[in-house]
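Structural characterization, general
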Amino acid sequence: MTFEEIKNDEQQYLMHTYGRFNTALVSGKGAIAKDVDGKEYVDFTSGIGVNIFGYCDDGWVKAVSEQAATIQHMSNLYYSPLQTSVAKKLCELTGFDKVFLCNSGAEANECAIKIARKYSFDKYGEGRQKIVTLVNSFHGRTVTTLAATGQDVFHNFFFPFTEGFEYAEANNIEDLKAHINDEVCAVFIELIQGEGGVMPLDKSYVEAVQKLCAENDILFMVDEVQTGISRTGDFFCYQGYGVKPDVITSAKGLGGGLPIGACLCDKKLSDVMTAGTHGTTFGGNPIACAAAKEVLSRAATPEFLSQVREKGEYIKSELEKIGNVKEIRGKGMMIGILTEKDNAKEIAAKCVENGLLILTAKNLLRLLPPLNITYDEINKGLSILKKVMEA
Ligand SMILES: *Cc1c(COP(=O)(O)O)cnc(C)c1O
């Protein structure tokens, strides 16, 4: 098939939910993707923070393909040694007590929201159901996680949205305090707002959020769907902030390219979700778990994390030398770039023409490269970016 045929069929048969770049990717290795015409691209996106070992990493391919040939799916009515080993490893690496496995970030967040409301219902009865999230946040595309998302553009068409969400201004503890009353059961935040434009929260603010929550028996919940699994140079971003949330959610990088999400909770919440209160057909699927097991065995070591931090610093220092760069934000290999000419969308499209895949978030360029990208691949990608930025 030619690119034009693929594009025409997409127009004809797929719902038009995505604005796509003009390329159809068909294969890849490491940080290099190949399109249907054989053209190669350096990939600074890793499928929006998913392929943390790049395309078709040898160990990952082996783990996944061996599992596909062993047992591909069974229901959650039976025990699974892969689910237990993924959950155990997640708990060992974080100190959380229990894990619920699902298939996406939105689903992990739905689980967190249900835990918050049930914890409060069990302890205080009805009426303590509000969850405060932050203005400019992003938490997913289900009707409930859209309601949790603190951006008005997402609160359209699909009325009525799930009630019980309020939005406080990021990095403003007084505004958060103004939202806290006896109807609130949780505060749910991203530590670095990803889709909102790579906006890191201040450490002092996050510490104050944790304290405020603890004083009022309000759950402190962190959406680590984008920031987790070593993306920011810590295994989970909260670990670098020196706080301990009651609940965190994970997805994106967790399976290294297969759909898996997780909701992790503290010991005091371990018995909140009882039999019959939550479930999923595919959650904890053996192939997805085999992928996550491989990811967790390699992505959380001190060596792996330190090379993420080093490469992140290297990329930032090289970006500073590029024209049209106005501001660089982010942590580890989650990097946002504000351009002087405010032309991120145009730059991203031109990068694709020139052989570089790069993301945007709001009016920023955004880099989420594979975490094991080589310096050669980084330099190749940056030289394309430089050429486009300075054209
Ligand atoms: C991507 C993302 C989600 C949604 O994840 P899906 O897997 O697309 O449902 C939720 N929260 C954050 C912070 C994200 O970056």
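Refer to the preceding data block for the structure.
Described in the following lines is the structure provided in the data block.

About the criteria used
As a convention, each chain's residues are numbered from 1 in the sequence order in which they are written. With the structure being a predicted model, the display of local features is reserved for residues of pLDDT at least 70 and the display and counting of side-chain atom pairs for 80 or more, all residues being used for whole-chain, interface and lining totals. To obtain the side-chain values, all non-hydrogen atoms of the structure were used and water was disregarded. Throughout, near means a residue has at least one heavy atom within 4 Å of the molecule or strand. Here a polar contact is taken to be a pair of N or O atoms separated by no more than 3.5 Å, where protein atoms must pair a possible hydrogen donor with a possible acceptor and residues adjacent in sequence count only if both atoms sit in side chains. A 1.4 Å probe and the Shrake-Rupley method give the accessible areas. Residues count as covered only by the protein chains that appear here. Put simply, DSSP marks the helices as runs of H or I at least four residues long and the strands as runs of E at least two long, and each gets a number from the N terminus on. Side-chain classes are defined by residue name, with Ala, Val, Leu, Ile, Met, Phe, Trp, Tyr, Cys and Pro counting as nonpolar, Asp, Glu, Lys and Arg as charged, and the others, Gly among them, as polar. The salt bridge definition used is simple: a Lys or Arg side-chain nitrogen within 4 Å of an Asp or Glu carboxyl oxygen. Patches here: salt-bridge-free residues with over 30% relative accessible area, like charges joined within 9 Å, nonpolar side chains (Val, Leu, Ile, Met, Phe, Trp, Tyr) joined within 5 Å. Here the term buried applies to any residue with accessible area under 20% of the maximum for its type, exposed to any over 50%, and partly exposed to those in between, with areas from a 1.4 Å probe on protein chains only. We define a nonpolar core as any set of buried Ala, Val, Leu, Ile, Met, Phe, Trp, Tyr and Cys residues linked to one another through side-chain atoms lying within 4.5 Å. Note: domain ranges come from an automatic or database domain assignment. Contact between two residues is taken to exist if any of their heavy atoms lie within 4.5 Å; hydrogens are not considered. The definition used for a disulfide is geometric: two cysteine sulfur atoms within 2.5 Å. Here, a strand pair is defined by DSSP locating no fewer than two bridges between the strands. Axis lines are fitted to C-alpha atoms, over the contacting stretch for helices. Their N-to-C directions set the angle, which ranges from 0 to 180 degrees. Our angle categories are set so that under 35 degrees counts as roughly parallel, over 145 as roughly antiparallel, 65 to 115 as roughly perpendicular, and the remainder as oblique. Less than a right angle of anticlockwise turn of the near helix away from the far helix marks a crossing as left-handed, whereas a clockwise turn marks it as right-handed.

Here we take up the site of the ligand. For the ligand, the full set of nearby residues is Ser104, Gly105, Ala106, Asn109, Phe138, His139, Gly140, Glu190, Asp223, Val225, Gln226 and Lys252. Take Gly105: an N or O atom from its main chain is 2.8 Å from an oxygen atom of the ligand. Taking Ala106, its main chain carries an N or O atom lying 2.8 Å from an oxygen atom of the ligand. Considered on its own, the ligand offers 380 Å² of accessible surface; in the complex 81% of this is hidden by protein. No other element matches helix H5 (residues 105-124), which puts 3 residues into the shell around the ligand. Among the residues forming the shell around the ligand, the class breakdown is 3 nonpolar, 6 polar and 3 charged.

This brings us to the pattern of salt bridges. Inspection of the entire model under this criterion finds 23 salt bridges. The partner of Lys267 in a salt bridge is Asp97, with the nearest N and O atoms 4.0 Å apart. Taken together, the positions of Lys267 in the loop between strand S12 (261-265) and helix H10 (286-298) and Asp97 in the loop between helix H4 (81-94) and strand S4 (98-102) put the pair 170 residues apart, joining distant regions of the chain. Notably, a salt bridge pairs Lys130 with Glu166, separated by 3.0 Å at the nearest N-O pair. A residue pair is termed long-range when its members are at least 10 positions apart, and Lys130 in strand S5 (residues 130-134) and Glu166 in strand S6 (residues 165-168) qualify at 36 residues.

Turning to a nonpolar patch on the surface, a few remarks are in order. Together, Val143, Phe157 and Phe158 make up a nonpolar patch on the protein surface, roughly 340 Å² of accessible area in all. Judged by relative accessible area, Val143 falls into the partly exposed class, the value being 40%.

Okay, the nonpolar core next. In terms of nonpolar packing, the biggest core is built from 84 residues, with Leu90, Leu176, Val187, Leu191, Leu319, Leu365 and Leu385 touching the most fellow members. It is H10 that contributes the most residues to this core, 8 residues altogether. Residues from two domains meet in this core; each of domain 1 (3-57 + 302-389) and domain 2 (71-299) gives at least three. In this structure, Leu90 is in contact with Val99, Phe235, Phe236, Leu254, Ala262, Leu264 and Leu296, ignoring residues within four places of it in sequence. With 24 residues, the next largest nonpolar core counts Tyr119, Ala147, Phe165 and Met221 among its residues.

In this section: the state of the cysteines. In the structure shown here, the tally under the stated rule is 0 disulfides. A disulfide-free cysteine, Cys185 has its sulfur positioned 10 Å from the sulfur of Cys213, the nearest such atom. Unpaired in this structure, Cys265 has its nearest cysteine sulfur neighbour in Cys263, at a distance of 6.7 Å. Note on Cys265: relative accessible area 5%, which makes it buried.

Note: strand S1 (residues 25-29) against strand S2 (residues 32-35), 4 bridges, orientation antiparallel. Considered in S2, the bridge of Gly28 is made with Ala33. Once S1 ends, the chain turns through 2 residues before running back antiparallel as S2, passing Gly30 with a positive phi of about 60°. Direction of pairing for S2 relative to strand S3 (residues 40-43): antiparallel, over a ladder of 3 bridges. By the bridge assignment for S3, Ile32 is matched with Val42. Linking S2 back to S3 in an antiparallel pair, the connection comprises 4 residues, with Gly38 at a positive phi of about 85°.

As a further point, take the packing of helix H11 (residues 302-319) against helix H13 (residues 375-389). One can describe the packing of H11 onto H13 by two numbers: an axis separation of 11 Å at closest approach and a directional angle of 25°. On the basis of the axis angle, H11 is roughly parallel to H13. Regarding H11 and H13, the two cross each other, and that crossing is right-handed. Contact with H11, carried on its side by Glu310, Lys311, Tyr314, Ile315, Glu318 and Leu319, involves Tyr375, Ile378, Asn379, Leu382 and Leu385 of H13 and no other residues of that element. Each residue belonging to the contact of H11 with H13 can be placed in one class, and the counts come to 7 nonpolar, 1 polar and 3 charged.

A few words now on the environment of Arg128. Structurally, Arg128 is set in the loop between H5 and S5. Sequence-wise, Arg128 and Ala24 are 104 residues apart; in three dimensions their C-alpha atoms are separated by 48 Å. In contact with Arg128, other than residues within four places in its own chain, are Ser120, Asp182, Glu183, Val184, Cys185, Asn216, Asp217 and Ile218. A polar atom in the side chain of Arg128 sits 2.7 Å from the side chain of Ser120. Within polar-contact distance, the side chain of Arg128 engages the backbone oxygen of Asn216 at 3.0 Å.

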